[in-house]
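# Residue-level structural notes
Each chain, letter by letter, is given below.
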Amino acid sequence: MSTNPATSTAITPDETIVKKKLGVGFWLCVTWLGLMAFIALFTPLLPLKSPTQNFLDPANGRPPYSPSWKHWFGSDKDARDVFARTLHGARISLTVGFAAITAGFLVGGTVGVISGYFKGWIDRISSFVFIVLLSFPSLVLAILLTSLIERSLLTISLVLGLLSIAPVGRLARAATLQFADREFVLAARQIGATNRRIIIKEILPNVAIPMSSLALLGMAVAVVAEGGLSFLGLSVEKGITWGGLIQLGSESSKTLEEAPWIAFFPILMLFLTVLSLNFAGDRVRNYFDVKETTL
Amino acid sequence: MAGTGKAHLRNSDDVLLRVEDLVVEFPVGRTGLKVNAVSGISFDVLKGETLGIVGESGCGKSTTGRAIMQLPSPTSGSVIFDGTDLTALSGEPMREARTKIQMIFQDPISSLNPRRNVRDIVLEPLSIWNRGTKDEQLATVDKILEHVGIDPQRAAESKPHQFSGGQCQRISIARSLVLNPQMIICDEPVSALDVSVQAQVVNLLEDLKKEFGLTLIFIAHDLAVVKNISDRIAVMYLGKICEVSSSEDLYRNPAHPYTDVLLSSIPVPDPTVAVKKVSVEGEPPSPVSPPAGCRFNTRCPNASDRCRSEEPTLREIEPSHFVACHHPLTGGDAPVTVRNN
Amino acid sequence: MSPPDVVRSEAEPLVETVEIKTHFKTPRGIARAVDGVSIQIRRGQSLGVVGESGSGKTVLSRSIMGLLPRNGVIRDGSVRYQGQEIGNRSSKEMRAIWGREMAMIFQDPMTSLNPVMKVGKQITESLRLHLGMSASEAMTIAERLFRDVRIPEPTRRLNQYPHELSGGMRQRVMIAIAMACGPNMLFADEPTTALDVTVQAQILELISEQKRDRNMSLLLVTHNLGVVAGYTDEIAVMYGGKVVEKAPTKTLFADTKMPYTEALLRSIPRLDQPSHSRLATIPGRPPDIVHPPKGCRFAPRCAYVRDLCLNEEPELQQAATPDHTYRCFYPVGSPEYLERKVELTRKGELVSTGDLN
Ligand SMILES: Nc1ncnc2c1ncn2[C@@H]1O[C@H](COP(=O)(O)OP(=O)(O)OP(=O)(O)O)[C@@H](O)[C@H]1O
Ligand SMILES: Nc1ncnc2c1ncn2[C@@H]1O[C@H](COP(=O)(O)OP(=O)(O)OP(=O)(O)O)[C@@H](O)[C@H]1O
Ligand code: SF4
Ligand SMILES: [Mg+2]
Ligand SMILES: [Mg+2]
């Protein structure tokens, strides 16, 4: 065709952009998180010792026993196996973290995106609610709520989820605002796209990236918060959680001194998990950071 | 009212778009004040014609373009497109009517979603309206991409930021073409581009116009570019139209002092032509409190007392050449001063 | 306020670069943004640097100023200011030169002004820092500068924030800031690209007036040859990191040698062309500066290309008129050029070369 400006044919193969790399650190974190998820999902099926059985061993004197071939992470005062308990702890801690952040995202993310896109009265109301939620000190609110209710896995997750609504919602709103007035959104409207379609196809892909890294960070916060609650004895009743284990292991300074392993291993797991979540979140954000100004 | 007037509207069956008394105002915060972005302008565009709109930054060109699309709807006035008053439509009929007019924006990069695939971006209109099967849609998209000079293969694999500014503008053009619109409003489509790329895009628009039988509104601030592509030009100043004429006439016989300023501001690519001393000082007044009388009177070298109190309306000074000025430079009353170039 | 006037012969360049190279390390390889450029600017003289986006204009002016990123840059060649080598100075040493000796106006007036500081403060800051003035002294000077650059109501404007000013006004503020310490050399990097034509004309007029009044040297960067025509003494046309043609302004327009310059000139829409006349375009895309073409960098897009162009890089040629150099084997007017031109015209391809693109 005569009017075919074949600009594109003049492009050299080198024009293809260089793939960014996520890096070894990221994959290490993902591996660790994958392992944790696996453990959390399949703890009952794993060939572990029972977390509640007392493995009294008179030959060894009185518990707590220090780490040995029999008890990899040692045992606690009641001669229960710390290794088994730590892995069982992953189940509740991670489930709570995941459920909380999912709930927070479903509610906060949706409200945030909608109020950022439509603005107007929806935005004014939701912004007010966010501010009210944010002005409570979150830990105090969590303590208050958890001490009033029956503490099951679900309710604890919901409480922590409630706390994440406002920060998540605010970020979703800010991210949406940034894109809602861009010309590509206007362009979508003029080709007849409905609001729902614009939100799903034009806004969400742009908002999802900062949000996904926030999800990982938020999960880290929720895991820590759950730890804090169970440390105070306010998490899931009768369940084994990392926070509960740490609390047991650091009941008194004497315990910490004489049997540091009881607290150390749950702390280590918690630390590595939270670190991995944070690090992975950060890398994800960098990785998807599109340069829009390459002309 | 002035800078207003409808003397220039044509009574022809070929009129595709007729805008009358278009007013667009924006509130200024909660002060109760308003920005008079567009203050009662009227114009029409015939089928197959290209109307150029020129004027300084902030004079309301984009606002006019968007008001035609009802994005947002104007404060008052009517926009009659192909016999239908768009301002009266809403909901589904509005959504449908909009597809017949498309708009291309100034910033080629920001008008494409950075996270979507280029081919998907161009496909989107067809998938919204379910035109044909998926395969037919893809075939249409590839054909149009080819047409505007983008390799469909590469488009399928790339995101907008992997293309240059000129190429992004071509992609925008492709997207606006897939629904087979009757009219395209180009809002400064070349202002952000290099001169050499600018020429490519202008040529492309001319070709597509012929091939697809399009009617164009071409907005820009550079009269040289606009003159090249337009049949008729409307010059805007501070929310009003001050001159309407065929593009040849406008350049040969500018009648409004502001048109003259615009013309003399264009850099001449010839060092032997002495640079014209810019004949206008200062900046346009604020659209929040536009001056009484003629809106150009604060900067006009010819301004008289009459200009400061009475607003001029568009009148015909030559066949098909309309100007809203009490002291036009050609035709009509004798000019107060001589043209200074 | 007067600059440290070193009495030197007018003929000696104020700023001179010899074969400077500025390469960037990028993931794809070495980007040769500026690849051997030699220019001289004499006192009071203005040089226009013209070329497409990405041709290295900004990097060239920043290389002379010494305003380059600290990492990943490979530099070579020499930059002399008043006869002294400054190419190897650290940014700490350059600070004495910036502002007082050399100043720069950037393309985007919004991003180069601090949004949370009043414009008055931004200008007095520089005065107090470089010239050691007191606050009130600096304010008086700032007011005079604002008046110089035709900012109406300077006292009120000094107390405004950048976002309260229009684009043209902001660019005037930038010019006032650049002029504050009376530099000998001003770099204006596309000072009007973001502005509309009326404001563009005002700003260019203002810059050239300041240049005349202060006997300042000027390097004016733009992608539009039309813009520089009226405001420069000499023009350097850049392509793919090299200067491909350099000549006094009038000569460049009257006796263009490089087909690229010719193509660039023809792509500007002119008022004296009839409506709907086809604009000449340059086919293809700018060269990849990481893997530049082997021969002449313009060869893949040139209408007059021959085998030689594809295989060998043309050296800098001297044209008949003095001070006019270019890099081309078959310049405009050469027998080979004319021969090809006849062919192209016959095939009707000359005007519409752009369509191939
Ligand atoms: N959404 C808005 N809210 C408030 N004021 C607005 C809005 N959009 C535009 N304006 C104002 O309306 C006036 C006209 O703006 P418009 O964008 O139409 O100008 P323009 O001629 O397109 O200028 P440019 O050449 O800079 O694109 C300007 O004063 C602008 O500040
Ligand atoms: N810091 C950097 N790292 C890597 N490459 C760079 C860097 N700065 C500039 N470049 C590259 O150097 C080349 C020349 O850039 P430069 O900004 O000088 O172009 P220009 O001629 O000023 O273009 P424009 O008209 O768009 O401003 C470009 O290809 C650019 O991508
Ligand atoms: S002469 Fe009067 S009416 Fe005409 S443009 Fe000037 S001020 Fe307006
Ligand atoms: Mg606009
Ligand atoms: Mg640049």
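Residues numbered from 1 in each chain as written. Chains lettered and ligands numbered in written order. Predicted model: local features only at pLDDT ≥ 70, side-chain atom pairs only at ≥ 80, totals over all residues. Heavy atoms only, no water.

## Let's talk about the overall build of chain C
In terms of regular secondary structure, chain C is built from 13 helices and 12 strands. Relative to its length of 357 residues, chain C is compact, with a C-alpha radius of gyration of 22 Å against a globular reference of 21 Å. Of the contacts made within chain C by residues no fewer than 6 positions apart, 67% connect residues no fewer than 24 positions apart. If you sum the accessible surface of chain C, you get close to 14,700 Å²; carbon and sulfur atoms cover 51% of it. Looking at charge distribution, chain C has the averaged site of its 46 positive side-chain charges lying 4 Å from that of its 41 negative ones. (Helix = DSSP H or I, 4+ residues; strand = E, 2+ residues; numbered from the N terminus. Rg over C-alpha atoms; globule rule 2.2 N^0.38 Å. Contact = heavy atoms within 4.5 Å. Areas by Shrake-Rupley, 256 points an atom, 1.4 Å probe, with all protein chains shown as cover. Lys, Arg positive; Asp, Glu negative; His and termini not counted. Charge placed at Lys NZ, Arg CZ, Asp CG, Glu CD.)

## Re the side chain of B:E188
All names here are of chain B. Its place among the elements puts E188 in the loop between β7 (183-187) and α7 (195-212). A relative accessible area of 7% means that E188 is categorised as buried. A polar contact of 3.5 Å, which involves the side chain of E188, links it to the side chain of H221. (Buried < 20%, exposed > 50% of the residue type's maximum accessible area, 1.4 Å probe, protein only. Polar contact = N/O pair within 3.5 Å; in protein donor to acceptor, adjacent residues only side chain to side chain.)

## So, the interface of chain C and chain B
Listed as interface residues are 47 residues of chain C and, on the opposing side, 49 residues of chain B. Here chain C packs against chain B, burying approximately 3,900 Å² in sum over the two surfaces, 55% of which is carbon and sulfur. Contact with chain B buries surface across chain C, with C:V197, C:L271 and C:H276 losing the most and accounting together for 19% of the total. Of the charged contacts in the structure, one is a salt bridge between C:R278 and B:D207, with a shortest N-O distance of 3.0 Å. The interface formed by chain C and chain B holds 15 residue pairs in polar contact (both at pLDDT 80 or more) in total. With seven residues, the single largest contributor to the side of chain C that touches chain B is helix α7 (residues 197-214) of chain C. Residues that form the side of chain C that touches chain B fall into these classes: 17 nonpolar, 19 polar and 11 charged. (Buried area = accessible area lost by both parts, 1.4 Å probe. Salt bridge = Lys/Arg side-chain N within 4 Å of Asp/Glu carboxyl O. Nonpolar A, V, L, I, M, F, W, Y, C, P; charged D, E, K, R; others polar.)

## A short note on the sheet that holds strand β9 (residues 232-237) of chain B
Residues and elements named next belong to chain B. Spatial strand order, β6-β7-β8-β3-β9-β10-β12-β11: eight strands in an open sheet with mixed pairing. Two strands bound the open sheet, and with one partner strand each, they are β6 (101-104) and β11 (315-318). Along the sheet, successive strands turn relative to each other by an average axial angle of 20 degrees, direction set aside. Pairing analysis gives four bridges linking β6 to β7, with the strands arranged parallel. Bridge pairing in β7 places I104 opposite C186. Helix-sheet contacts for helix α10 (residues 257-265) involve β3 (50-54), β9 and β10 (240-246), and the interaxial angle to β9 is about 105 degrees. (Pairing = 2+ DSSP bridges. Axes fitted to C-alpha atoms, helices over the stretch in contact; angles between N-to-C directions.)

## Describing the packing of aromatic side chains
Tallying each qualifying case throughout the model produces 13 aromatic pairs over all chains. Judged by centre distance (5.0 Å) and plane angle (80 degrees), the rings of A:F26 and A:W27 are edge-to-face. Of the residues examined, A:W27 reaches a relative accessible area of 49% and is grouped as partly exposed. Relative to A:F265, the ring of A:F264 has its centre 5.2 Å away and its plane inclined at 75 degrees; by these criteria the two rings are edge-to-face. For A:F265, a relative accessible area of 17% gives the class buried. Seen from the ring of B:F163, B:R154 lies directly overhead, with NZ or CZ sitting 4.3 Å from the centre. Note that C:R306 overlies the ring of C:Y330, its terminal NZ or CZ placed 5.4 Å from the centroid. (Phe/Tyr/Trp six-rings, centres within 6.5 Å; stacked < 30°, edge-to-face > 60°. Lys NZ or Arg CZ within 6 Å of the ring centre and 35° of its normal.)

## Here's the deal with the packing of helix α1 (residues 24-42) of chain A against helix α10 (residues 260-287) of chain A
Residue and element names in this part refer to chain A. Interhelical geometry of α1 versus α10 gives an angle of 130 degrees and a closest axis separation of 9 Å. Taken together, α1 and α10 sit at an angle that is classed as oblique. As α1 runs across α10, the sense of the crossing is left-handed. Touching G25, F26, C29, W32, L33 and M36 of α1 are M269, L272, T273, S276, L277, F279, A280, R283 and V284, all from α10. Residues of the contact of α1 with α10, tallied by class, amount to 11 nonpolar, three polar and one charged. (Parallel < 35°, antiparallel > 145°, perpendicular 65-115°, else oblique. Left-handed = near helix turned anticlockwise from the far one by under 90°.)

## Remarks on the site of ligand 2
All names here are of chain C. The full set close to ligand 2 counts 14 residues, and S53, G54, K57, T58 and V59 are the nearest of them. Protein burial of ligand 2: of its 630 Å² of free accessible surface, 65% is covered by the chains. Broken down by secondary-structure element, the contributors of at least two residues to the shell around ligand 2 are β1 (13-26) and α1 (57-65). Tallying contributions element by element places α1 first for the shell around ligand 2, with three residues. A per-class count over the shell around ligand 2 returns five nonpolar, six polar and three charged. (Near = heavy atom within 4 Å.)

## As for the environment of C:N88
All names here are of chain C. Its place among the elements puts N88 in the loop between β5 (84-85) and α2 (91-94). On the basis of relative accessibility, which here comes to 63%, the residue N88 falls in the exposed class. Each C-alpha atom of the pair N88 and S78 lies 8.1 Å from the other, and the pair is 10 residues apart in sequence.

## Describing the sheet that holds β1(C)
All names here are of chain C. Read from one edge of the open sheet, four strands run β2-β1-β4-β5, paired in antiparallel fashion. Lying at the two open borders of the sheet, with one neighbouring strand each, are β2 (29-42) and β5. Inspection of the sheet shows β1 paired to strand β4 (residues 73-81) by eight bridges, in the antiparallel sense. Within the sheet, the bridge partner assigned to T22 lies in β4 and is R75. Lying on the sheet, α1 is in contact with β1, β2 and β4; it crosses β1 at an angle near 115 degrees.

## Section: helix α3 (residues 120-135) of chain A
All names here are of chain A. The first and last C-alpha atoms of α3 sit 23 Å apart over 16 residues, in line with the 22 Å expected at 1.5 Å per residue. For α3, every residue scored as buried is listed here: D123, S126, S127 and F130. Considered in projection along α3, the buried side chains sweep an arc of 105 degrees and stay on one side of the axis. Away from its buried face, by an angle of more than 90 degrees, α3 presents the exposed residues W121, R124, F128 and S135. (Expected span 1.5 Å × (residues − 1). Arc of directions from axis to C-beta.)

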